[in-house]
Amino acid sequence: MIDLLSYGCIGIGIFFWFWGTFPLLGERSVLYKLHALSVADTLGSMSITIGLLLKIPREWPLILLALISLAIWNTILGYVLAYCSLEQETHD
Amino acid sequence: MNGILFAMILALLIPMYEAWKDDDVWQKMLAFASIATKTSIMILVVSVFRDDWNIGVTGVIILSVGNAGLMLLAHIVKRLNEI
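The model shown is predicted, which means the values in this text are computed figures rather than measured ones. The residue count restarts for each chain, going from 1 along the sequence in the order it is written. A letter from A marks each chain and a number from 1 marks each ligand, given out in the order of writing. Side-chain atom pairs in this predicted model are given and counted only at pLDDT of 80 or more, local residue features only at pLDDT of at least 70, and totals for whole chains, interfaces and linings cover all residues. Hydrogens are left out, water is left out, and the side-chain values use all remaining heavy atoms of the structure.

**As for the overall build of chain B**
In DSSP terms, a helix is any run of H or I states spanning at least four residues, a strand is any run of E spanning at least two, and both are numbered starting from the N terminus. Scanning chain B from N- to C-terminus turns up three helices and zero strands. Secondary structure elements of chain B, listed N to C terminal, follow the sequence α-α-α. Our radius of gyration looks at C-alpha atoms and nothing else; its globule reference is 2.2 Å times the residue count to the power 0.38. Taken against the 2.2 N^0.38 rule, which gives 12 Å for 83 residues, the C-alpha radius of gyration of chain B at 15 Å runs more than 25% over that of a compact globule. Taken over the C-alpha atoms alone, chain B extends approximately 50 × 25 × 10 Å along its principal axes. Between buried and exposed lies partly exposed: a residue is buried under 20% and exposed over 50% of the maximum accessible area for its type, with that area taken using a 1.4 Å probe on protein chains only. Taking all 83 residues of chain B together, 47% fall into the buried category. In chain B, the proportion of contacts linking residues at least 24 apart, taken out of those at least 6 apart, comes to 47%. With the model as given, the accessible surface of chain B reaches about 4200 Å², and the carbon-plus-sulfur share is 68%. Only four residue types enter the charge count, namely Lys and Arg as positive and Asp and Glu as negative; His and the chain termini do not. To locate a charge, the coordinates of NZ of Lys, CZ of Arg, CG of Asp or CD of Glu are taken. Here chain B holds 6 positive side-chain charges and 7 negative ones, and the gap between their average locations is 2 Å. Note on contacts: a residue pair is in contact if any heavy atoms of the two residues lie within 4.5 Å. Each accessible area is a Shrake-Rupley estimate made with a 1.4 Å probe; only the visible protein chains count as cover when residues are assessed.

Printed below as a string of structure tokens:
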């Protein structure tokens, strides 16, 4: 049962990866791609990590650290990339 | 296990192709950020399936500090564009 659940989580994560990465190939703006990619990469990777956590519960401190750093760093990276890729505007 | 890894490598090929094809620096950065996350998750998956936590620690370290370098790089590129 647990095994099935963990494979389900990993499968959902890989589906998210594909779903969010395919817009990279299109000719859309950077911000559109960034949005799809950050949602898919963060949620998909977190789902895969939860699947791994269900598989090996005894290593939970490390996996939890990976999960938290994924959630925090990927969101911040999304903001920083969006801010930096905008055209220069004077904010003063 | 092999099926999962094949699917992950397939997903990894998309941002690699994008980074190779596109000349715009921000699209390249985006693809590189995606590659970084995907490879570190792949490292974690391999370490869990092999039950080898020396590999797993590497993946967690990459996840926890790796993106900081990309953020610094983005700021440097922005500054260079301003000059």
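**Topic: the packing of aromatic side chains**
Classification of ring pairs uses Phe, Tyr and Trp, with its six-membered ring standing for Trp, and accepts pairs whose centres are within 6.5 Å; under 30 degrees between planes counts as stacked, over 60 as edge-to-face, and the remaining range as tilted. Applying the stated criterion across every chain yields a total of three aromatic pairs over all chains. An angle of 50° between the planes, with centres 5.8 Å apart, marks the rings of B:Tyr17 and B:Trp20 as tilted. Remark: B:Trp20 and B:Tyr17 occur in helix α1 (residues 2-21); sequence separation between them is three residues, near one turn of the helix. Working rule: Lys NZ or Arg CZ, within 6 Å of ring centre, within 35 degrees of ring normal, means a charge sits over the ring. Seen from the ring of A:Trp17, B:Lys38 lies directly overhead, with NZ or CZ sitting 5.1 Å from the centre. We note B:Lys78 situated over the ring of A:Tyr83; from NZ or CZ to the ring centre the distance is 5.0 Å.

**A few points about helix α1 (residues 2-21) of chain A**
To estimate how far a helix should reach, multiply one less than its number of residues by 1.5 Å. In a regular helix each residue adds 1.5 Å, so 20 residues correspond to 28 Å; α1(A) covers 29 Å between its end C-alpha atoms and thus fits that length. For α1(A), every residue scored as buried is listed here: A:Ser6, A:Cys9, A:Ile10, A:Gly13, A:Ile14, A:Trp17, A:Phe18, A:Gly20 and A:Thr21.

**Re the packing of helix α2 (residues 30-55) of chain A against helix α2 (residues 25-50) of chain B**
Note on method: axes are straight lines fitted to C-alpha atoms, helices fitted across the in-contact stretch only, with angles between N-to-C directions ranging 0 to 180 degrees. Two elements in contact, α2(A) and α2(B), have axes separated by 11 Å at closest approach and are oriented at 5°. Considering their axes alone, α2(A) and α2(B) lie roughly parallel with respect to each other. Together, A:Val30, A:Lys33, A:Leu34, A:Leu37, A:Asp41, A:Ser45, A:Ile48, A:Thr49, A:Leu52 and A:Lys55 of α2(A) and B:Trp26, B:Gln27, B:Leu30, B:Ser34, B:Thr37, B:Lys38, B:Ile41, B:Leu44, B:Val45, B:Val48 and B:Phe49 of α2(B) make up the contact between the two elements. Put simply, Ala, Val, Leu, Ile, Met, Phe, Trp, Tyr, Cys and Pro go in the nonpolar bin, Asp, Glu, Lys and Arg in the charged bin, and everything else, Gly too, in the polar bin. Tallied by class, the residues present in the contact of α2(A) with α2(B) amount to 12 nonpolar, five polar and four charged. Reported orientations rely on four angle classes, namely roughly parallel under 35 degrees, roughly antiparallel over 145, roughly perpendicular from 65 to 115, and oblique for the rest.

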